[in-house]
Amino acid sequence: HLSDPGFRCGFANLRRLYLNAIEWHYGVFGAEAASQYFYKRPAANLTKQQAAKLAARVPAPLFYADNPKSKRLRNKTNIILRRMGSAELPESDMD
């Protein structure tokens, strides 16, 4: 059941495994590798904006690899930033 603590732990583990296995860009597997590829820094040192941009790529990171300036990606990033309590990302900052 969803309220079972073991389920939550399992779900968190599944999410971690997924984020560390998906292909974020062609030949770039895992969240840490994506952080290094896109921002040249460890995932632990990402800004809120950078982390939100990566999170917005899920569940279709290769689509956004081909469309990094997509309006949809910017909108998803801004939704994540609002939920994090941060300001929205300027349109010019979608590199």
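Above: the structure in question.
A brief look at the structure comes next. (Residues numbered from 1 in each chain as written. Predicted model: local features only at pLDDT ≥ 70, side-chain atom pairs only at ≥ 80, totals over all residues. Heavy atoms only, no water.)

## Re the overall build of the protein
- Check the secondary structure of the protein and you find 5 helices and 2 strands.
- Reading the protein from its N terminus to its C terminus gives the helix and strand order α-β-β-α-α-α-α.
- Taking all 95 residues of the protein together, the buried fraction comes to 28%.
- The long-range share in the protein, meaning contacts at least 24 apart out of those at least 6 apart in sequence, stands at 36%. (Helix = DSSP H or I, 4+ residues; strand = E, 2+ residues; numbered from the N terminus. Buried < 20%, exposed > 50% of the residue type's maximum accessible area, 1.4 Å probe, protein only. Contact = heavy atoms within 4.5 Å.)

## Remarks on the layout of surface pockets
- Counted as a void, the largest pocket has a volume near 170 Å³.
- For the largest pocket, the full set of lining residues is Leu19, Trp24, Ala31, Ala43, Leu46, Ala51, Leu54, Ala55 and Val58.
- With 3 residues, the single largest contributor to the lining of the largest pocket is helix 3 (residues 48-56).
- Its residues placed into classes, the lining of the largest pocket shows 9 nonpolar, no polar and no charged. (1 Å grid on protein atoms, 1.4 Å probe; cavity = no way out; pocket = protein on both sides within 12 Å on 5 of 7 lines; lining within 4 Å. Points joined across faces, edges and corners; volume = space filled by probe spheres on them. Nonpolar A, V, L, I, M, F, W, Y, C, P; charged D, E, K, R; others polar.)

## Some points on the nonpolar core
- In terms of nonpolar packing, the biggest core is built from 7 residues, these being Ile22, Trp24, Val28, Ala34, Tyr39, Leu46 and Leu54.
- Beyond its immediate stretch of four places on either side in the chain, Val28 contacts Ile22, Glu23, Ala33, Ala34 and Tyr37. (Core = buried A, V, L, I, M, F, W, Y, C linked by side-chain atoms within 4.5 Å.)

## Side note on unusual backbone geometry
- Each neighbour pair has its own omega, and for Val58 with Pro59 the value is 10°, a cis peptide bond.
- Its location among the elements puts Pro59 in the loop between helix 3 and helix 4 (61-66).

## As for the packing of helix 3 against helix 5 (residues 71-84)
- Contact geometry for helix 3 and helix 5: axes closest at 8 Å, N-to-C directions at 125°. Comparing the axis directions of helix 3 and helix 5 gives the class oblique. Between helix 3 and helix 5 the crossing geometry is right-handed. Here Lys48, Gln49, Ala52, Lys53, Ala55 and Ala56 of helix 3 come into contact with helix 5, specifically with Leu73, Lys76, Thr77, Ile80, Leu81 and Met84. (Axes fitted to C-alpha atoms, helices over the stretch in contact; angles between N-to-C directions. Parallel < 35°, antiparallel > 145°, perpendicular 65-115°, else oblique. Left-handed = near helix turned anticlockwise from the far one by under 90°.)

## Structural notes on the packing of aromatic side chains
- Enumeration according to the criterion identifies 3 aromatic pairs in this entry.
- With 5.0 Å between their ring centres and 90° between their planes, Tyr37 and Phe38 make a pair best called edge-to-face.
- The exposure class assigned to Tyr37 is partly exposed, which follows from its relative accessible area of 37%.
- Arranged with centres 6.3 Å apart and planes meeting at 50°, the rings of Phe38 and Tyr39 form a pair that is tilted. (Phe/Tyr/Trp six-rings, centres within 6.5 Å; stacked < 30°, edge-to-face > 60°.)

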